[in-house]
Each structure stands twice: as structure tokens, then as C-alpha cells.
Amino acid sequence: PAAAPAAAPAAAPRETTDEQRAAIRRILGASEHDHAQVLDISAAAAGAPTAAVVKKAYRKQSLLVHPDKCNEPEAGWMVKTTHSERNRATTSPQV
């Protein structure tokens, strides 16, 4: 029988970038259910963001704070928050 392949070495933990830290501070400082602040949607689009604007903002923010990319203890909670605010923004009567 053939030998099993060797396991890949564990990757070193990633450093949290300044952009990720800023996203975390913004999300933690957001008022409850403020999807524009959580998703970092500009003030001009915050009044009535289109579904495309919300989708693009959600993807960017969820990648910034995803636990696989961000080495912060709050990362899992941040992804859940961005997801729930994305859902709230796309189901609100404005969109």
C-alpha cells in the first residue's frame, strides 16, 4: 500500500490589519440595528441603499471580519452581526 501523504504544516496566525481593526471598532460602536454603519454604507446611500449596494458592502465587511481572515476574538460575532444587518437592510421597506 502507498504511504499516506504528510499533513500540511499549520499556518501561522494572521496579523489583524488596521483596516480590520477599524471595521471592528465601527461595528462595536454602531447603534443597534444601524445597518449603514455596520456595513459601512456611505451616508449618501444609507437612506435607501439598493440591494446591490448592500450586497457589495456585506461581502467586503464579512471578509474583513471573518474568523479565518481576522485574528480577533470578536470575529465570529462580527460575521453574525454583518449577516443579520445585511438581512435587515434587504428586507426593510426601503430596498
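What counts, and where the lines are drawn
Residues numbered from 1 in each chain as written. Predicted model: local features only at pLDDT ≥ 70, side-chain atom pairs only at ≥ 80, totals over all residues. Heavy atoms only, no water. Helix = DSSP H or I, 4+ residues; strand = E, 2+ residues; numbered from the N terminus. Buried < 20%, exposed > 50% of the residue type's maximum accessible area, 1.4 Å probe, protein only. Polar contact = N/O pair within 3.5 Å; in protein donor to acceptor, adjacent residues only side chain to side chain. Contact = heavy atoms within 4.5 Å. Axes fitted to C-alpha atoms, helices over the stretch in contact; angles between N-to-C directions. Parallel < 35°, antiparallel > 145°, perpendicular 65-115°, else oblique.

Visitor: I keep staring at the side chain of serine 62 and nothing clicks. Help me out?
Guide: Along the chain, serine 62 turns up in helix H4 (residues 51-64). On the accessibility criterion, serine 62 (10% relative accessible area) is buried. A polar atom in the side chain of serine 62 sits 3.2 Å from the backbone oxygen of arginine 59. Beyond its immediate chain neighbours, meaning those up to four positions away, serine 62 contacts Val79 and Thr82.

Visitor: Explain the packing of H4 against helix H5 (residues 75-91) here, please?
Guide: Two quantities define a packed helix pair, namely the angle between the helix axes and the distance between the axes. Running from amino to carboxyl end, H4 crosses H5 at an angle of 175 degrees, the nearest separation of the two axes being 10 Å. The pairing of H4 with H5 is recorded here as roughly antiparallel in orientation. For the pair H4 and H5, the contacting residues are Val54, Tyr58, Gln61 and Ser62 in the first and Val79, Thr82, His83, Arg86, Ala89 and Thr90 in the second.

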